[in-house]
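Listed below, chain by chain, are the residues.
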Amino acid sequence: MQSALNMNGVTITGTGFYVPTSLLTNLELAASLDTSDEWISQRTGIRQRYIAEASTDTSDLAVVAATQALSRAQLSPEDVDLIVVATSTPDYAFPSTAMLVKQKLGSRAPAFDLSAACSGFVYALSVSSDMMKSGAYHNVLVIGADKFSKIIDWQDRNTAVLFGDGAGAVVLQSRPGAFPCFSLLGSEERGAEALTSPVTGPITMQGREVFKFGVRIVESMLTKALETLKLSIDDIALIIPHQANIRIIESAAGKMNMDKFFVNIENYGNTSAASIPIALAEAMEQQRVHAGDIVMLVGFGAGLAWGVQVIQIA
């Protein structure tokens, strides 16, 4: 287990998200799989997801979300000091998807990818905020983007019903006096084989093991972060967990207040690294979060890796 408390004020000043236009419902999946809308929704909370066209790359999804986040932060691509893209579905082995995003945006910033699957966005926030602590970076664009549709076995009921495509982005900026951005990262001693995929797919998953891990680790992370920061749940405006399974979220919320948790898995499915930033951007649009609020972002997934980020909204 590793924790880092960034004493420099780092806040989120802009958010954005994008999902493709092609909608795939449970009913449509049930037409080709041995499943039903009721089976999927009861076990996962998912009713639909968005699927990108074959010609659409992960970087294309990321650019739309990033452009939106930059606009809301009132920054141009030239203002960005660093770009970090969390993804498990890069366009190429190299160059990095972040380099392609940088080029498409028209930025000259250094850029790199980070691979931590469904925990990727929280890991990227942690790395980015720590790099900002040095004073070398002031305006950082952090993106979570995945196109899991290209690595899914569409005949595998256990995985085909779970995932969707999308991208979410935030702008991090240094702000004197802001809440000290806090990260808590970790991983299990074993379990890397529970959720895997070759570069070209398909995804394989030991669903029961991943589910048990999620139920256990989310509540543990939340408790550990609050204790370390000496905060109560009342100090947190909103908890935004990775949108993997509604039953995992409800289990974690059982000893807290479900109203504190933001959930949108019904509409998007599991979008991996994009899950948390999509939910955060949507929470901002719905005015569930306001300037000055402190939010807790909770990621968990393949690895088995986990991470929590506590950060302030500007």
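Up top you'll find the structure we're talking about.
Going along each chain's sequence as written, the residues are numbered from 1 onward. Where totals are concerned, whole chains, interfaces and linings use all residues; where local detail is concerned, this predicted model gives features only for residues with pLDDT of at least 70, and gives and counts side-chain atom pairs only at 80 or more. With hydrogens and water excluded, all non-hydrogen atoms of the structure serve as input to the side-chain values.

Asks: Please provide a residue-by-residue account of the overall build of the chain, values included.
Replies: Each helix is a run of DSSP H or I of at least 4 residues and each strand a run of E of at least 2, with the numbering of both proceeding from the N terminus. A count of helical and extended segments in the chain gives ten helices and 13 strands. Here the chain has a C-alpha radius of gyration of 18 Å; the compact-globule value for 314 residues is 20 Å, and the two agree. Based on the C-alpha atoms only, the size of the chain along its principal axes is roughly 55 × 45 × 35 Å. Whether a residue is buried, partly exposed or exposed follows from its accessible area with a 1.4 Å probe, protein chains only, as a fraction of its type maximum: under 20%, in between, or over 50%, in that order. Put simply, the chain has 314 residues, and 57% of those count as buried. Within the chain, contacts between residues at least 6 apart in sequence are counted, and of these 76% link residues at least 24 apart. When we talk radius of gyration, it's over C-alpha atoms, and the globule rule is simply 2.2 Å times the number of residues to the 0.38. Between two residues, a contact is recorded if the distance between any of their heavy atoms is within 4.5 Å.

Asks: Could you give an account of unusual backbone geometry, with specific residues and numbers?
Replies: One can expect most non-glycine residues to show negative phi and most peptide bonds to be in trans. Put simply, F94 and P95 share a cis peptide bond, and its omega is 5°. Mapped onto the secondary structure, P95 falls in the loop between β4 (82–86) and α4 (97–105). Omega for the peptide link from G201 to P202 comes to 5°, which places this bond in the cis form. With phi around 55°, A117 is a residue other than glycine that occupies positive phi space. Relative to the helices and strands, A117 resides in the loop between β5 (111–114) and α5 (120–133). One non-glycine residue with positive phi stands out, namely Q287, at about 60°. Here Q287 shows up in the loop between α10 (275–285) and β12 (294–301).

Asks: Can you break down α4 residue by residue, with the values?
Replies: Buried within α4 we find T97, A98, L100, V101, K102 and L105. Turning to α4, the residues buried within the fold contact α3 (58–72), β4, β5 and β6 (139–147).

Asks: A description of the packing of helix α7 (residues 207–229) against helix α8 (residues 246–253) should follow, citing residues and the corresponding values.
Replies: Helix packing geometry: the angle between the two helix axes and the distance between the axes. Where α7 meets α8, the axes come as close as 8 Å, and the angle between the chain directions of the two elements is 30°. The pairing of α7 with α8 is recorded here as roughly parallel in orientation. With respect to the hand of their crossing, α7 and α8 are arranged in right-handed fashion. Residues F211, G214, V215, V218 and E219 of α7 pack against R247, I248, S251 and A252 of α8. Here the contact of α7 with α8 is composed, by residue class, of five nonpolar, two polar and two charged. Between N-to-C directions, angles span 0 to 180 degrees; the directions come from axes that are lines fitted to C-alpha atoms, helices contributing only their stretch in contact. Angles below 35 degrees are treated as roughly parallel, those above 145 as roughly antiparallel, those between 65 and 115 as roughly perpendicular, and all remaining angles as oblique. Whether a crossing is left-handed or right-handed is set by the direction in which the near helix is turned from the far one by less than a right angle, anticlockwise for left-handed and clockwise for right-handed. Here the term charged refers only to Asp, Glu, Lys and Arg, the term nonpolar to Ala, Val, Leu, Ile, Met, Phe, Trp, Tyr, Cys and Pro, and the term polar to all other amino acids, Gly among them.

Asks: Describe the environment of N264, and please don't skip the residues or the numbers.
Replies: Residue position: N264 is located in the loop between α8 and α9 (265–268). A relative accessible area of 4% places N264 in the buried class. The spatial distance from the C-alpha of N264 to the C-alpha of I151 is 23 Å, given a sequence separation of 113 residues. Among residues more than four places away in sequence, those in contact with N264 are Q243, I278, A279 and E282.

Asks: Kindly report on the packing of aromatic side chains, identifying the contributing residues and their values.
Replies: Planes of paired rings set the category: under 30 degrees apart is stacked, over 60 is edge-to-face and the rest tilted, where pairs are Phe, Tyr or Trp rings (Trp by its six-membered ring) whose centres lie within 6.5 Å. Across all of its chains, the model carries three aromatic pairs by this definition. Aromatic pair F17 and Y268: ring centres 6.2 Å apart, planes at 80°, arrangement edge-to-face. With F17 in strand β1 (residues 2–18) and Y268 in helix α9, this pair connects stretches of sequence that are 251 residues apart. An identical accessibility class is assigned to F17 and Y268; each is buried. Here the aromatic rings of F148 and F163 are separated by 4.9 Å at their centres, their planes lie at 40°, and the arrangement is tilted. Pair noted here: F148 is in the loop between β6 and α6 (157–160) and F163 is in the loop between α6 and β7 (165–174), with a separation of 15 residues, a long-range link. Relative accessible area serves as the criterion here: at 7%, F148 is assigned to the buried category. On the accessibility criterion, F163 (2% relative accessible area) is buried.

Asks: Any chance you could break down the nonpolar core for me, citing the residues and the numbers?
Replies: Nonpolar side chains in soluble globular proteins generally cluster together in the buried interior. Core analysis: the largest hydrophobic core is formed by 48 residues, its most contacted members being V218, M296, V298, F300 and V310. Elements with a minimum of two residues in this core: β8 (180–187), α7, α8, β12 and β13 (305–313). Counting residues per element, this core draws most heavily on α7, at nine residues. Every residue in contact with M296, bar those within four places of it in the chain, is listed here: L222, A225, L226, I236, L238, I239, I240, V308, Q309 and V310. By size, the runner-up hydrophobic cluster in this structure holds 33 residues, among which are L82, A124, L185 and V289. To form a nonpolar core, buried Ala, Val, Leu, Ile, Met, Phe, Trp, Tyr and Cys residues must be joined to one another through side-chain atoms within 4.5 Å.

Asks: Quick one: what's the story with the packing of α3 against α4, residue by residue and with numbers?
Replies: Across the interface, α3 lies against α4 with an axial gap of 9 Å and an inter-helix angle of 55°. By the angle between their directions, the pair α3 and α4 is classed as oblique. Seen along the crossing, α3 lies across α4 with a hand that is right-handed. Along the contact surface, α3 presents T58, S59, D60, A62, V63, A66 and T67, while α4 presents T97, L100, V101, K104 and L105. Here the residues of the contact of α3 with α4 sort into six nonpolar, four polar and two charged.

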